[in-house]
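Architecture and fold: a report
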Amino acid sequence: MATPEDLKYTKDHEWVRITGDKAYVGITDHAQKQLGDVVFVELPEAGAKFDAGQPFGSLESVKAVSEVYMPLSGTVSEPNAALNDDPELVNTDPYGEGWMVAITLSDRRQLAGLLSAAQYEDYIRQEAD
């Protein structure tokens, strides 16, 4: 399982990459494997505001439809438009081209509540037991 060290993670299986004043959000490799082949992605429009923990979109796979939760409070600055035409990017490149939204953070202190790569891997192992 791929778990990049430079990202932060949630127990809902989202990841966060901080780049300047933006945070990119996507689902983890573990989550995409659980979902199976993603066939449709629903994302919010730029300007939409979310609190941490709120659902901000959904992923439809051949198995199910799953909500995706905002890991940090903020305003969507950019949804990943490439997912409209290529939703399978969530499966093939979950930590790269398969990102879902970029947000402008409203409270950087919330980053302290996210998991490191090692903590996330421990969480997945505990979940499997």
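Up top you'll find the structure we're talking about.
Below is a summary of the structure that appears in this document. None of these values were measured; they are calculated from a predicted model.

The rules behind the values
Residues numbered from 1 in each chain as written. Predicted model: local features only at pLDDT ≥ 70, side-chain atom pairs only at ≥ 80, totals over all residues. Heavy atoms only, no water. Helix = DSSP H or I, 4+ residues; strand = E, 2+ residues; numbered from the N terminus. Rg over C-alpha atoms; globule rule 2.2 N^0.38 Å. Pairing = 2+ DSSP bridges. Axes fitted to C-alpha atoms, helices over the stretch in contact; angles between N-to-C directions. Buried < 20%, exposed > 50% of the residue type's maximum accessible area, 1.4 Å probe, protein only. 1 Å grid on protein atoms, 1.4 Å probe; cavity = no way out; pocket = protein on both sides within 12 Å on 5 of 7 lines; lining within 4 Å. Points joined across faces, edges and corners; volume = space filled by probe spheres on them. Nonpolar A, V, L, I, M, F, W, Y, C, P; charged D, E, K, R; others polar. Core = buried A, V, L, I, M, F, W, Y, C linked by side-chain atoms within 4.5 Å. Contact = heavy atoms within 4.5 Å.

Observations regarding the overall build of the protein
Within the protein, the secondary structure is distributed over 4 helices and 9 strands. Taken from the N to the C terminus, the helices and strands of the protein come in the order β-β-β-α-β-β-β-β-β-α-α-β-α. In terms of overall size, the protein behaves like a compact globule, its C-alpha atoms giving a radius of gyration of 14 Å where 129 residues would be expected to give roughly 14 Å. Seen along its three principal axes, the alpha-carbon backbone of the protein occupies a region of about 35 × 35 × 20 Å.

Here we look at the sheet that holds strand S4 (residues 38–42)
Strand order across the open sheet formed by 3 strands is S4-S6-S7, with antiparallel pairing between neighbours. Lying at the two open borders of the sheet, with one neighbouring strand each, are S4 and strand S7 (65–69). Ignoring strand direction, the axes of neighbouring strands in this sheet form an average angle of 25 degrees. Pairing geometry for strand S6 (residues 55–61) and S7, over 5 bridges, is antiparallel. Bridge pairing in S7 places Gly 57 opposite Val 68.

Focus on unusual backbone geometry
Phi at His 13 is positive, roughly 75 degrees, even though this residue is not glycine. One can find His 13 in the loop between strand S1 (8–9) and strand S2 (14–19). By relative accessible area, which is 13% here, His 13 ends up buried.

Focus: the layout of surface pockets
Space inside the largest pocket adds up to approximately 190 Å³. Only helix H1 (29–35) and S7 provide two or more residues apiece to the lining of the largest pocket. Tallied by class, residues from the lining of the largest pocket come to 6 nonpolar, 4 polar and 3 charged.

Brief notes about the sheet that holds S2
Think of a sheet as strands paired side by side through backbone hydrogen bonds, with each pair either parallel or antiparallel. The 6 strands lie next to each other as S1-S2-S3-S9-S8-S5, forming an open sheet whose pairing is antiparallel. Every other strand in the sheet has two partners, leaving S1 and strand S5 (49–50) as the edge strands with one partner each. Examined bridge by bridge, S5 and strand S8 (residues 74–79) share 2 bridges and lie antiparallel to one another. Paired with Phe 50 across the two strands is Gly 74, which belongs to S8.

Topic: the nonpolar core
If you look at the biggest cluster of nonpolar residues, it comprises 24 residues, and the most contacted ones within it are Ile 27, Phe 56, Leu 59, Met 100 and Ile 103. If you list the elements that add at least two residues to this core, you get strand S3 (22–27), H1, S4, S6, helix H3 (89–92) and strand S9 (101–105). Among all residues touching Phe 56, those that are not within four sequence positions of it are Val 25, Leu 43, Pro 44, Phe 50, Val 68, Tyr 69, Met 70, Met 100 and Val 101. Counting residues in hydrophobic clusters, the runner-up holds 12 residues, among them Tyr 9, Tyr 95, Ala 117 and Tyr 120.

Concerning the environment of Leu 59
Secondary-structure assignment places Leu 59 in strand S6. The buried category is assigned to Leu 59, whose relative accessible area is 1%. For the pair Leu 59 and Ala 118, spaced 59 residues apart in the sequence, the C-alpha separation amounts to 26 Å. Ignoring any residue separated from it by four or fewer positions in sequence, one finds Leu 59 in contact with Ile 27, Leu 35, Val 38, Phe 40, Val 41, Ala 64, Val 65, Ser 66, Val 68, Val 90 and Met 100.

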